[in-house]
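Fold and geometry: a report
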Amino acid sequence: MSFAPAFAAADIHAVIFDMDGLLLDSERVALATVAEAAAELGVEWRYEVGLALVGLNSKDGPAVIRRHLGDDYPVVELYDAFGRIYETAIAEGRIPLKGGAVELFDELDARALRRVVATSTRRSRAEPKLAAVGLLARVHGMVCGDEVARGKPAPDIFIAAAARLGVPPANCLVLEDSNAGVRGALAAGARVVMVPDLLQPDDDVQAAGVPLAASLHDIARFFAGRDR
């Protein structure tokens, strides 16, 4: 995978990060957790349903689950069991940083570039996750899934994040691992790079010419090449 964005580092005045699957290697933990929750309840679960939830917030997820598994699926009970198991994983520090995250934050610090996290996760869960890996104190704000009217792929969260930074979306670099997040960033008018995790870019994302990076190490090297 060759990282070759059409824009220059000098065009970027601030960075907007997704969290799960981008800064944190959490999607695999989440998929294993929801499967465990379903088994605990004795109900069906399919891996592809979990993949369909990647990038979505908890308000939009139930409709996806019911579309795949039926209108009578016990979504509330599943979310409750998932939350209990997942909160334990967070508390026990079982959700690690993605490679290159610290390197990238160091590069942004060196260039005094501000950053905000725009995550579909609700704030009460997102803050402890970032705090556990030492990143909460290194971001200049967060916009969370429970703080916007519409979740990804709507642009709301990215527009709010750019406003929080005081930077026009066109001068913000959004880093995303999900197709839903990429679509939302494009709709907001931001620069966007996809760093695939569990999902590869869909046809529309490829057609939009969204650059791909193999890891956050690529993004750190991109900024390292910028004149100080």
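Preceding block: the structure.
Residues numbered from 1 in each chain as written. Predicted model: local features only at pLDDT ≥ 70, side-chain atom pairs only at ≥ 80, totals over all residues. Heavy atoms only, no water.

**What about the environment of Asp-146?**
The cut-off we apply is this: Under the scheme used here, helices are H or I runs from DSSP no shorter than 4 residues and strands are E runs no shorter than 2 residues, and both carry numbers assigned from the N terminus. Only protein chains enter the accessibility calculation, which uses a 1.4 Å probe; a residue is then buried when its area is under 20% of its type maximum, exposed when over 50%, and partly exposed in between. In this description, contact between two residues means that some pair of their heavy atoms is separated by no more than 4.5 Å. Any pair of N or O atoms that falls within 3.5 Å is considered a polar contact. Within protein, one atom must be able to donate a hydrogen and the other to accept it, and sequence-neighbouring residues count only if both atoms are side-chain atoms.
Position of Asp-146 relative to the elements: it lies in the loop between strand S3 (142–144) and helix H7 (156–165). With relative accessibility at 47%, the residue Asp-146 sits in the partly exposed group. For the pair formed by Asp-146 and Glu-176, sequence separation is 30 residues and the distance between their alpha carbons is 19 Å. When neighbours within four sequence positions are excluded, Asp-146 is seen to be in contact with Arg-122 and Arg-123. At 3.3 Å, the side chain of Asp-146 and the backbone nitrogen of Arg-123 are in polar contact.

**A word on the nonpolar core**
Nonpolar side chains in soluble globular proteins generally cluster together in the buried interior. Heads up, the condition is: Here the nonpolar core consists of buried residues drawn from Ala, Val, Leu, Ile, Met, Phe, Trp, Tyr and Cys, with membership extended through side-chain atoms lying within 4.5 Å.
Judged by nonpolar contacts, the single largest core of 54 residues is most densely connected at Phe-17, Leu-23, Trp-45, Leu-175, Ile-219 and Phe-223. Among all residues touching Phe-17, those that are not within four sequence positions of it are Leu-22, Leu-23, Leu-104, Phe-105, Leu-108, Arg-115, Val-116, Val-117, Ala-118 and Leu-175. In this structure, Ile-16, Val-116, Ala-190 and Val-205 belong to the second largest nonpolar core, which totals 22 residues.

**Digging into unusual backbone geometry**
Omega for the peptide link from Lys-152 to Pro-153 comes to 20°, which places this bond in the cis form. Within the fold, Pro-153 resides in the loop between S3 and H7. Unusually for a residue other than glycine, Ala-112 sits at a positive phi of about 55°. Of note, Ala-112 is situated in the loop between helix H5 (101–110) and strand S2 (114–119).

**Structural notes on the side chain of Lys-129**
Relative to the elements of secondary structure, Lys-129 occurs in helix H6 (residues 123–132). Of the polar contacts made by the side chain of Lys-129, one reaches the side chain of Asp-20; its length is 2.5 Å. Lys-129 has contacts with Met-19, Asp-20, Leu-24, Ser-26, Tyr-86, Ile-90, Ile-95 and Thr-121, leaving out every residue within four places of it along the chain.

**Brief notes about the packing of H5 against helix H10 (residues 216–224)**
What counts is decided by this rule: Axis geometry follows a simple rule: fit a line to the C-alpha atoms, using only the stretch in contact for helices, then measure angles between N-to-C directions, giving values from 0 to 180 degrees. Convention used here: angles under 35 degrees read as roughly parallel, angles over 145 as roughly antiparallel, angles from 65 to 115 as roughly perpendicular, and any remaining angle as oblique. Each crossing gets its handedness from the near helix: less than a right angle anticlockwise from the far helix is left-handed, clockwise is right-handed. Residues were grouped as follows: Ala, Val, Leu, Ile, Met, Phe, Trp, Tyr, Cys and Pro as nonpolar; Asp, Glu, Lys and Arg as charged; and all remaining residues, including Gly, as polar.
Their axes nearest at 8 Å, the elements H5 and H10 cross at an angle of 20°. Accordingly, the angle class assigned to the pair H5 and H10 is roughly parallel. Seen from above, H5 lies across H10 with left-handed handedness. Taking contact as the criterion, the partners of Ala-101, Glu-103, Leu-104, Glu-107 and Leu-108 in H5 are, on H10, Leu-216, His-217, Ile-219, Ala-220, Phe-223 and Ala-224. Tallied by class, the residues present in the contact of H5 with H10 amount to 8 nonpolar, 1 polar and 2 charged.

**Some thoughts on the environment of Pro-153**
For Pro-153, a relative accessible area of 40% translates into the label partly exposed. Excluding residues within four positions of it along the chain, Pro-153 makes contact with Ala-180, Arg-183 and Gly-184.

**Some thoughts on the side chain of Thr-119**
Following the sequence through the fold, Thr-119 ends up in strand S2. Those residues in contact with Thr-119 that sit more than four places away from it in its chain are Asp-18, Met-19, Asp-20, Ala-126, Met-142, Val-143, Cys-144, Gly-145, Lys-152 and Ile-157.

**Thoughts on the pattern of salt bridges**
It is possible for side chains of opposite charge to pair when their charged atoms get near one another. Selection criterion: Salt bridge criterion: a side-chain nitrogen from Lys or Arg within 4 Å of a carboxyl oxygen from Asp or Glu.
Scanning all chains against the criterion turns up 21 salt bridges. Among the salt bridges present, the one from Arg-46 reaches Glu-48, with a minimum N-O distance of 3.1 Å. Under the relative-accessibility criterion, Arg-46 is labelled partly exposed at 27%. For Asp-106, the salt bridge goes to Arg-138, with nearest N and O atoms at 2.7 Å. Within this pair, whereas Asp-106 is found in helix H5, its partner Arg-138 is found in the loop between H6 and S3, the two being separated by 32 residues in sequence.

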